[in-house]
Amino acid sequence: MVPNAPVPRPHPANPAVPMLTQPFQIRRVRQETPDTFTLALQPAWGAAPFCFLPGQFNMLYAFGVGEVPISISGDPANTQTLVHTIRAVGTVTRAIQKLKPGQVLGVRGPFGSHWPVAEAAGHDMVIVVGGLGLAPLRPAIYQILAHRAEYGNFELIVGARTPGDLLYYKELEQWRGRFDFRVHVAVDSAGPEWRNNVGVVTTLIPRARFDPWHTTALVCGPGVMMRFTVQELLQRGIKPENIYVSMERNMQCGIGLCGHCQLGPYFICKDGPVFAFDQIEKWFALREI
Amino acid sequence: METLQPILAAHPFLSGLESKHLENLAECASLVSFNPGQMVYTEGQTATHFYLIRYGRVALEIHTARRGAITLATVGEGDFLGWSWIVSPHRWHIDARAIDLTRAIAFDFSCVLRHCEADHDLGYEFMKRFAVVLAQSLRFLKLQLVDVYGA
Ligand SMILES: Cc1cc2nc3c(=O)[nH]c(=O)nc-3n(C[C@H](O)[C@H](O)[C@H](O)COP(=O)(O)OP(=O)(O)OC[C@H]3O[C@@H](n4cnc5c(N)ncnc54)[C@H](O)[C@@H]3O)c2cc1C
Ligand code: FES
């Protein structure tokens, strides 16, 4: 039996030249929902393979417009293609949305801490995501599935506003058909053709099967959803140090120099975005300034 | 004689209940199943039973003239279904329709209330558990109102 070793904290990774933007060419664009799309990118000049850990992000630069932090949402085992899922909300993300296959954008990264996937081997895994939160956790799901035998129960809990807002719909359907992990999906509202759960994502947590003392939980989604999810997970008996959340703040440098992304004593770009809940409990419910 | 006690004890709502209390409740219980699409109960009907779901999924719906049935929530394995029985005038205020083949334990509520009155230890234990169900439902409902994914 695997001993319940303490799960080490993720460490930030520092790319070799952190301020240098590399040109990447858009190979494919896929529309996920009306305002969200996925880009598959490859180095414009056939540069070295791109390695990252699940949970890390890149600074994406729309030339002449600006730069934004975006999580990497592809498979960490695939070092040839870089994948990002982006919701167009403002100036930079809308400029990126207008780019077509063949066009180029700048990439700096990977930055930040990672989900403790390898470190959680031997544990049951519970992943709870809301809305766009599935994007930063998809690499963790790929990694767990690639090493499935090393984990106990694996429960993926996905919430969205409506069925049309679910990311990676086809992939979710494929995952639901597998025998080696359980996928629960809930939407806030749906028409009668929806034959799945209706309700907030937290309603599904009591149904998940795991041994709370030997479980690592990874949570990502909008602030309110994460707060209530963490409460439910704590209520089920998962230890605060085994619950990991991903935090968002406005960023500029992405490497701990400018102070834009400060949260209490941490810089989210370098100490986060992934934190163990006990690390940031004090600042978790702080309203963004 | 076969008893429903082990099936009752296996449901999360009743787990850990003393066996004499399970025995009392078993007198009020019967096993039921609903096919996909079948109504468990309908708005306005007299509420005579509540249900502990063993397998399957049930949609709680409100029927509107313009938009048809709107699903407010779903309940499934391990859940409690139907609180309207507890307060007068004991009528269902929404529809409950099975989405999947659903198996449940149905409880005759007047029988349960009689046992709870006769044995206040059982009554207190039952109401404590019921309060948890209500509190949890209210918490979830509040979150649904907030639109957490838009927040
Ligand atoms: C570590 C990290 C990882 C991220 N990963 C992703 C990702 O994988 N995919 C993705 O689409 N986004 C992600 N984001 C959010 C993304 O960086 C912002 O949406 C982006 O910076 C907005 O820039 P903009 O110029 O398009 O919008 P702006 O013009 O700066 O803002 C336009 C509007 O969008 C709102 N807005 C800005 N940032 C956010 C935000 N984070 N969430 C919601 N509304 C916002 C603003 O309040 C404003 O109303 C991540 C952020 C961080 C910090
Ligand atoms: S973005 Fe500059 S310190 Fe974090």
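As the structure is a computational prediction, the values presented were derived from the model and not from experiment.

The rules behind the values
Residues numbered from 1 in each chain as written. Chains lettered and ligands numbered in written order. Predicted model: local features only at pLDDT ≥ 70, side-chain atom pairs only at ≥ 80, totals over all residues. Heavy atoms only, no water. Buried < 20%, exposed > 50% of the residue type's maximum accessible area, 1.4 Å probe, protein only. Helix = DSSP H or I, 4+ residues; strand = E, 2+ residues; numbered from the N terminus. Pairing = 2+ DSSP bridges. Right-handed = clockwise from strand over helix to strand, strands pointing away. Core = buried A, V, L, I, M, F, W, Y, C linked by side-chain atoms within 4.5 Å. Contact = heavy atoms within 4.5 Å. Buried area = accessible area lost by both parts, 1.4 Å probe. Salt bridge = Lys/Arg side-chain N within 4 Å of Asp/Glu carboxyl O. Polar contact = N/O pair within 3.5 Å; in protein donor to acceptor, adjacent residues only side chain to side chain. Axes fitted to C-alpha atoms, helices over the stretch in contact; angles between N-to-C directions. Near = heavy atom within 4 Å. Areas by Shrake-Rupley, 256 points an atom, 1.4 Å probe, with all protein chains shown as cover. Nonpolar A, V, L, I, M, F, W, Y, C, P; charged D, E, K, R; others polar. Phe/Tyr/Trp six-rings, centres within 6.5 Å; stacked < 30°, edge-to-face > 60°. Lys NZ or Arg CZ within 6 Å of the ring centre and 35° of its normal.

K.L.:
Describe the pairing of strand β8 (residues 154-160) of chain A, and please don't skip the residues or the numbers.
P.N.:
Two faces belong to every sheet, and in a regular strand the side chains alternate between them. All names here are of chain A. With seven of its seven residues buried, β8 lies for the most part within the structure. Across the two faces of β8 the burial is the same, with F154, L156, V158 and A160 and E155, I157 and G159 all buried. As paired elements, strand β7 (residues 124-130) and β8 share six bridges and run parallel to each other. Pairing of G130 across the sheet is with G159, part of β8. As paired strands, β8 and strand β9 (residues 182-187) are joined by six bridges and run parallel to one another. The partner of A160 across the bridge, within β9, is V187. Regarding topology, helix α3 (residues 169-176) serves as the crossover connection from β8 to the parallel β9, and that connection is right-handed.

K.L.:
Tell me about the nonpolar core, and please be specific about residues and values.
P.N.:
Nonpolar side chains in soluble globular proteins tend to end up buried together. With 41 residues, the main nonpolar core has I157, M225, L233, I243, V245, M247 and F284 of chain A as its most contacted residues. Per-element tally for this core: the top contributor is helix α4 (residues 223-235) of chain A, with five residues. Beyond its immediate sequence surroundings of up to four residues, M225 of chain A is in contact with V128, V129, G130, V201, V219 and C220 of chain A together with V148 and Y149 of chain B. In terms of nonpolar packing, the next biggest core, distinct from the first, is built from 40 residues, L17, A26, A29 and F109 of chain B among them.

K.L.:
Tell me about the interface of chain B and chain A, and please be specific about residues and values.
P.N.:
Listed by partner, the interface residues are 23 residues for chain B and 26 residues for chain A. Contact between chain B and chain A buries roughly 2200 Å² in total, counting both sides, with carbon and sulfur atoms accounting for 51%. Together, F140, L143 and Y149 of chain B form the three largest contributors to the area buried by chain B at its contact with chain A, with a combined 33%. Between chain B and chain A we count four salt bridges in total. Of the charged contacts in the structure, one is a salt bridge between R195 of chain A and D100 of chain B, with a shortest N-O distance of 3.3 Å. Joining chain B to chain A, the criterion identifies seven residue pairs in polar contact (both at pLDDT 80 or more).

K.L.:
Please provide a residue-by-residue account of the sheet that holds strand β11 (residues 215-220) of chain A, values included.
P.N.:
Residues and elements named next belong to chain A. Spatially, β10-β9-β8-β7-β11-β12-β15 is the arrangement adopted by the seven strands of the open sheet, whose pairing is mixed. What marks the edges here is a single partner per strand, and that holds for β10 (197-198) and β15 (274-276). Of the pairings in the sheet, the one linking strand β12 (residues 243-246) to β15 comprises three bridges and is antiparallel in character. Of the residues in β15, the one forming a bridge with Y244 is A276.

K.L.:
Pulling in residues and values, what's your account of the sheet that holds strand β6 (residues 80-81) of chain B?
P.N.:
Residues and elements named next belong to chain B. Across the sheet, four strands lie side by side as β1-β8-β3-β6; this open sheet has antiparallel pairing. Unpaired on one side and paired on the other, β1 (29-34) and β6 mark the two borders of the sheet. Inspection of the sheet shows strand β3 (residues 49-55) paired to strand β8 (residues 102-108) by six bridges, in the antiparallel sense. Bridge pairing links I53 to A104 in β8. Contacting β3 and β8, helix α3 (residues 109-118) crosses the sheet at an angle of about 55 degrees to β8.

K.L.:
Describe in detail the site of ligand 1, supporting the description with residues and values.
P.N.:
Residues and elements named next belong to chain A. Close to ligand 1 lie 18 residues; P69, T85, R87, T93 and E248 are nearest. A distance of 3.0 Å is found between a nitrogen atom of ligand 1 and a backbone nitrogen or oxygen belonging to S71. E248 places a side-chain nitrogen or oxygen 2.6 Å from a nitrogen atom of ligand 1. Coverage of ligand 1 by the protein amounts to 66% of the 890 Å² it exposes when considered alone. Elements supplying a minimum of two residues to the shell around ligand 1: β4 (66-71), β5 (82-87) and α1 (91-97). Here the shell around ligand 1 gets four residues from one element, more than from any other, and that element is β4. In the shell around ligand 1, the residues fall into ten nonpolar, five polar and three charged.

K.L.:
If you had to explain unusual backbone geometry to someone new, which residues and values would you point to?
P.N.:
Of the consecutive residues G109 of chain A and P110 of chain A, the connecting peptide bond is found in the cis state with omega at 5 degrees. In this structure, the amide linkage connecting G272 of chain A to the following residue, P273 of chain A, adopts the cis form with an omega of 10 degrees.

K.L.:
With reference to specific residues and values, describe the packing of aromatic side chains.
P.N.:
This model, assessed by the stated rule, comprises 17 aromatic pairs over all chains. Ring centres of F24 of chain A and F50 of chain A lie 6.1 Å apart, and the angle between their planes is 85 degrees; on these two criteria the pair is classed as edge-to-face. Of this pair, F24 of chain A sits in strand β1 (residues 22-33) while F50 of chain A is found in the loop between β2 (36-43) and β3 (57-62), placing the two residues 26 residues apart along the sequence. In this pair, the class of F24 of chain A matches that of F50 of chain A, namely buried. With a centroid separation of 6.4 Å and 25 degrees between ring planes, the pair formed by Y41 of chain B and Y51 of chain B is classed as stacked. A residue pair is termed long-range when its members are at least 10 positions apart, and Y41 of chain B in strand β2 (residues 39-41) and Y51 of chain B in strand β3 qualify at ten residues. For Y41 of chain B, a relative accessible area of 4% puts it in the buried group. For Y51 of chain B, a relative accessible area of 10% gives the class buried. Cluster of aromatic residues (ring-pair linked, three or more members): F13, F50, F80, F107, F126 and F130 of chain B. Lying across the ring of Y168 of chain A, R138 of chain A places its NZ or CZ 3.7 Å from the centre.

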